[in-house]
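Breakdown of the fold
Listed below are the residues making up each chain.
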Protein chains: 2
Amino acid sequence: MYKDFITTVNAHESFGIISHFRPDGDAIGSTLALGLALRAMGKQVSLWNEDSVPSRYAFLTGADTIGSLPEAGAELPQVLICVDTGDWKRLGDIAPERFRDHPCIINIDHHGTNPGYGHINIVESPSAACGCIIFKLIKALGVEMTTPMADALYTAISTDTGSFQYSSTTPEVLRQVADLLECGVDVGRLNCRLYQEIPWDTLRVNAEVLNNMVVEHQGQISHYAMPAGTKARLGVGLEATKDLVDIVRVVEGVRVSAIFEDLEDGRIRISLRSKDPAINVANIAAHFGGGGHAMAAGIRMKGELNATKAAVLEKIKEEMNNAQ
Amino acid sequence: MYKDFITTVNAHESFGIISHFRPDGDAIGSTLALGLALRAMGKQVSLWNEDSVPSRYAFLTGADTIGSLPEAGAELPQVLICVDTGDWKRLGDIAPERFRDHPCIINIDHHGTNPGYGHINIVESPSAACGCIIFKLIKALGVEMTTPMADALYTAISTDTGSFQYSSTTPEVLRQVADLLECGVDVGRLNCRLYQEIPWDTLRVNAEVLNNMVVEHQGQISHYAMPAGTKARLGVGLEATKDLVDIVRVVEGVRVSAIFEDLEDGRIRISLRSKDPAINVANIAAHFGGGGHAMAAGIRMKGELNATKAAVLEKIKEEMNNAQ
C-alpha cells in the first residue's frame, strides 16, 4: 500500500488534503504534516476542512492555509487525500457529495471501523494516531522531516494519546516521538501551547462541574447534570461540554462516572465512563439504546433531565451490585 | 562512576535506600526500582523514608516495604544509597544526623545543585528524572528489568516530566520509556492510577481556586490568594495547596501567574510562574527576597495577605510594562 501511495504521489502534481469535520489535533496535525511534505516535493497542495482550525492548533505552521472547500464546479486537484477520517460522511455536510466521484482518493486512517472508501486505502487500525502513519509515509516518500512537520506530527500523536497516557501508546509510538524531537521540536514550548492555554469559557464550565458534581454510592459513582438553563447562563455551546466526564471521573475511588446534558434538540446526552474492568458501561448504555466500549460509552435519548438521570443511575447501581 | 557503583554493589550484602522527605513519584519510583533490582540479586535491602508513601504511589509493588528509619543505635546496612536527593539535609530531620558517619554512601541524583555528598556520586544533572539514571544502573548491573521495576521507573520518569511534557524530555528519555513498556508496563492502567485518582480534598481546593481566581491587566495576569480562613474552612493542609499555581496559569493568554497563601507561621508563601520568556519571574521574586528560575520562582515573606498581594502584583505589572 505504501508503494501505491508513493507511486501515486510521484505521478501527480496537485493534491487536496481533507480530514473530518470538528477536527481534533490528529486531524489538523496529519493534514499539516502531509501537506508540508508534499509542498516540500514541489507539489501544489490545498488543505481543507469543513470547520475552521480550533484556536488551540492555530499556531502550527501552515494552519492558516487550511481553508474551506472549493466552490461547486471548481477544478479539483488530481488526488484527494482523506486523513484521520474513519467514515466518508465524517468529511462533513458538503465534502462527501462534492468529492464522491473523484477518480483518485487516498484514505489514510487509524480507525478500525474504516470501510476502506478510497481507491488506495492505508488503514492501520492499531495505530495510536493517524499522525503515526503519516510519519511513516513521509519517511517512505524520502522527504526530510522539517521542524514544522515534526511539530504537526507531535501534536497529532500527543493529543490522540492523551499525552502518551492511553493504552494505544506503544514502544513504537514513543520511538517515533523521540525521532520527532530530534527534528527540532521544542517539547516544553509546544506542550505549553497545547496544554497550558485553556479558554476561560472552558475553565468556567469546569468550575461549574466541580462545584455541583455528586459523589455517591459509597464514593463509587460520580455524576453531574447540566440543565439547558445552566448552559444558557454560562453561554457555552456543545464544544465546551464535550469533555466534562473527564472532570468527574478523576475522583479518587470512583468506579463509574456519568454526565447528563440537555441538548438543543430536546434530547439528553449521557456520557458514561468506567475505571473498573468489572463494570461494562457499554451494557448500561445499550439498555437505553446507546452504545460504546466497556470503559467509555454514551447515550442520546428523549426524556426529562432529572428523570433520565435517576433511571440511568439506578441501572448503574444495579450493574455495580451485580459485579460485586 | 558506574564501575565504582557496580563494584560496591557486588562487594556488599546489605543496603539501605533512602530519598528526600515528602517524596514525589521520582523519589518513590527510584527507591523501589533500585530496591527490587538489588533484592533480585539476592541482597538484603531496607527501604526508608522519613515520610510515608503518598497514596498516589501506594499501589506500586514494594511500596509497602518502604518503612521509617531504623532506631538510633541499630545496626546499619553496609551501604547507604541516597536517591533523588540534591541536598543531604533533604533526607529529613533525623536521617542526616543518623547517617552522617556512614562509611559507604552512594549518592544518585539528577539535581544540578547536588554538591556530591556521597563517597560515590552519580550525579547527572541534565537527566529528566533520577529514574532515568536508575534505569541505566539496573542495566549496568545486568539485572533483568521486571514489570514491577519498569512500573516504578515509568512512574518516576512520567511524574517528573509532567507526562513527558517538560523540556527535560529528551529523545533518550522517550526511548528509555519505550524499553520500559516492553518490560510489561500496562501503560493505560498505570496512567489511570497515576493521573485519574485525585483526592476529593484536592478537587475541592481546585474548585475554590477556579471560583475565585482573578484575571486582570488585559487578561495577562492571573492570580489567587488563599487566606488562612479559607484553608481552615476547607480543612486542607500544605500538601493540597502546593500545585495551585498550575490551575491559574493555564488560562489562555495569561503571561504571568501568582498564588498567595497564608502560612501557619504567619508568613505568606508566593508562587510565581511565567509563560513568556520576556518576563523573568526570578527577578520579581528576588525583589522581595525570594528566588527561583526565569519561568518559576517563589517567595516566603512576612506580611499581611492583601497588602503583600498588592505589592507583588504592582511589581509584576512594572516588569510586564518594561518588557513590552
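Quick caveat: nothing in here was measured; it's all calculated off a predicted structure.

As a further point, take the overall build of chain A. Helix and strand counts for chain A stand at 12 helices and 12 strands. For chain A, whose C-alpha radius of gyration is 21 Å, the value lies close to the compact-globule estimate of 20 Å for 324 residues. Dimensions along the principal axes, computed over C-alpha positions, put chain A at roughly 60 × 45 × 35 Å. For chain A, buried positions account for 56% of its 324 residues. Intrachain contacts of chain A at a sequence separation of at least 6 include 66% that bridge at least 24 residues. About 13400 Å² of surface is accessible on chain A, with carbon and sulfur atoms providing 48% of the total. Put simply, chain A has 29 plus and 40 minus side-chain charges, and the middle of one group is 3 Å from the middle of the other.

It is worth spelling out the packing of helix 2 (residues 25-40) of chain B against helix 5 (residues 147-160) of chain B at this point. All names here are of chain B. Contact pair helix 2 / helix 5: the axes reach a minimum separation of 8 Å and the direction vectors enclose 160°. The orientation of helix 2 with respect to helix 5, classified from their angle, is roughly antiparallel. Crossing of helix 2 against helix 5: the hand is left-handed. Counting all contacts with helix 2, which are made through Gly 25, Asp 26, Gly 29, Ser 30, Leu 32, Ala 33, Leu 36, Ala 37 and Ala 40, the residues of helix 5 involved are Pro 148, Met 149, Ala 152, Leu 153, Thr 155, Ala 156, Thr 159 and Asp 160. Its residues assigned to classes, the contact of helix 2 with helix 5 shows 10 nonpolar, five polar and two charged.

Most of the time, phi is negative for any residue but glycine, and the peptide bond is trans. All names here are of chain B. In this structure, Ser 163 is a non-glycine residue whose phi angle is positive, near 55°. Mapped onto the elements, Ser 163 comes out in the loop between helix 5 and helix 6 (171-182). Its identity as a non-glycine residue notwithstanding, His 217 has a phi of 55°, on the positive side. Tracing the backbone through its elements, the reader meets His 217 in the loop between strand 7 (214-216) and strand 8 (221-226).

Once that is clear, we can look at the relation of the copies chain A and chain B. The operation relating chain A to chain B is a screw motion whose rotation component is 180°, with 0.0 Å of axial translation and a residual RMSD of 0.1 Å. On the angle and the small slide along the axis, the relation comes out as a two-fold axis. Most of the interface of chain A is mirrored in chain B, where 100% of its interface residues again form contacts.

In this section: the side chain of Thr 169 of chain A. All names here are of chain A. For Thr 169, the location among the structural elements is in the loop between helix 5 (147-160) and helix 6 (171-182). Residue Thr 169 is classed as buried on the basis of its relative accessible area of 3%. A distance of 3.4 Å separates a polar atom in the side chain of Thr 169 from the backbone oxygen of Phe 164. A polar atom in the side chain of Thr 169 sits 2.9 Å from the backbone oxygen of Tyr 166.

We now examine the domain arrangement of chain A. Partitioning chain A into domains gives domain 1 (2-195) and domain 2 (203-323). Each of domain 1 of chain A and domain 2 of chain A was reduced to a C-alpha centroid, and the two centroids are 32 Å apart.

Once that is clear, we can look at the packing of aromatic side chains. Residue and element names in this part refer to chain B. Here the structure, examined in full by the defined rule, presents six aromatic pairs over all chains. Both rings, one in Tyr 154 and one in Phe 164, keep their centres 5.8 Å apart while their planes meet at 80°; by these two values the pair is edge-to-face. Within this pair, whereas Tyr 154 is found in helix 5, its partner Phe 164 is found in the loop between helix 5 and helix 6, the two being separated by 10 residues in sequence. Accessibility assignment for this pair places Tyr 154 and Phe 164 in one class, buried.

Residues and elements named next belong to chain B. Strand order in the open sheet formed by six strands is 3-2-1-4-5-6, with parallel pairing between adjacent strands. Bordering the open sheet on either side are strand 3 (66-67) and strand 6 (120-123), each of which pairs with just one other strand. With five bridges connecting them, strand 1 (residues 14-19) and strand 4 (residues 79-83) associate as parallel partners. Bridge pairing links Ile 17 to Ile 81 in strand 4. Strands in contact with helix 1 (residues 2-11) are strand 1, strand 4, strand 5 (105-109) and strand 6; relative to strand 6, the strand with the most contacts, it is inclined by about 130°.

Residue and element names in this part refer to chain A. Spatially, six strands are ordered 3-2-1-4-5-6 in an open sheet, and the strand pairing comes out parallel. Every other strand in the sheet has two partners, leaving strand 3 (66-67) and strand 6 (120-123) as the edge strands with one partner each. Examined bridge by bridge, strand 4 (residues 79-83) and strand 5 (residues 105-109) share four bridges and lie parallel to one another. When the sheet's bridge partners are listed, Val 83 is paired in strand 5 with Ile 108. The sheet strands contacting helix 1 (residues 2-11) are strand 1 (14-19), strand 4, strand 5 and strand 6, and the helix crosses strand 6 at an angle near 130°.

Judged by nonpolar contacts, the single largest core of 112 residues is most densely connected at Phe 5, Ile 81 and Ile 108 of chain A together with Phe 5, Ile 81 and Ile 108 of chain B. When sequence neighbours within four positions are dropped, the list of residues in contact with Ile 81 of chain B reads Phe 5, Phe 15, Gly 16, Ile 17, Ile 18, Leu 34, Leu 38, Ile 106 and Ile 108 of chain B.

Between chain A and chain B, the contact holds 43 residues from the first and 43 residues from the second. Along the contact surface separating chain A from chain B lie six salt bridges. Here Glu 182 of chain A and Arg 175 of chain B are joined by a salt bridge, their closest N and O atoms 3.0 Å apart. Along the contact surface separating chain A from chain B lie 22 residue pairs in polar contact (both at pLDDT 80 or more). Mapped by element, the contributors of at least two residues to the side of chain A that touches chain B are helix 6, helix 7 (187-195) and helix 8 (200-212) of chain A. With eight residues, the top contributor of residues to the side of chain A that touches chain B is helix 6 of chain A. Here the side of chain A that touches chain B is built from residues that sort into 23 nonpolar, 12 polar and eight charged.

The next thing to look at is the confidence of the model for chain A. For chain A, the mean per-residue pLDDT works out to 94, and 99% of the residues sit at or above 70. The ipTM for the predicted assembly is 0.91, set against a pTM of 0.92.

As a further point, take the pairing of strand 4 of chain A. The buried fraction of strand 4 of chain A amounts to five of the five residues, a majority that puts the element mostly inside the structure. Side-chain alternation along strand 4 of chain A places Val 79, Ile 81 and Val 83 of chain A on one buried face and Leu 80 and Cys 82 of chain A on a second face that is also buried.

The element helix 7 (residues 187-195) of chain B is largely enclosed, with a buried count of seven among its nine residues. Buried residues along helix 7 of chain B sit against helix 5 and helix 6 of chain B.

The rules behind the values
- Residues numbered from 1 in each chain as written.
- Chains lettered and ligands numbered in written order.
- Predicted model: local features only at pLDDT ≥ 70, side-chain atom pairs only at ≥ 80, totals over all residues.
- Heavy atoms only, no water.
- Helix = DSSP H or I, 4+ residues; strand = E, 2+ residues; numbered from the N terminus.
- Rg over C-alpha atoms; globule rule 2.2 N^0.38 Å.
- Buried < 20%, exposed > 50% of the residue type's maximum accessible area, 1.4 Å probe, protein only.
- Contact = heavy atoms within 4.5 Å.
- Areas by Shrake-Rupley, 256 points an atom, 1.4 Å probe, with all protein chains shown as cover.
- Lys, Arg positive; Asp, Glu negative; His and termini not counted.
- Charge placed at Lys NZ, Arg CZ, Asp CG, Glu CD.
- Axes fitted to C-alpha atoms, helices over the stretch in contact; angles between N-to-C directions.
- Parallel < 35°, antiparallel > 145°, perpendicular 65-115°, else oblique.
- Left-handed = near helix turned anticlockwise from the far one by under 90°.
- Nonpolar A, V, L, I, M, F, W, Y, C, P; charged D, E, K, R; others polar.
- Least-squares fit on C-alpha atoms with pLDDT ≥ 70 in both.
- Polar contact = N/O pair within 3.5 Å; in protein donor to acceptor, adjacent residues only side chain to side chain.
- Domains from an automatic or database assignment.
- Phe/Tyr/Trp six-rings, centres within 6.5 Å; stacked < 30°, edge-to-face > 60°.
- Pairing = 2+ DSSP bridges.
- Core = buried A, V, L, I, M, F, W, Y, C linked by side-chain atoms within 4.5 Å.
- Salt bridge = Lys/Arg side-chain N within 4 Å of Asp/Glu carboxyl O.
- pLDDT = per-residue confidence, 0-100.

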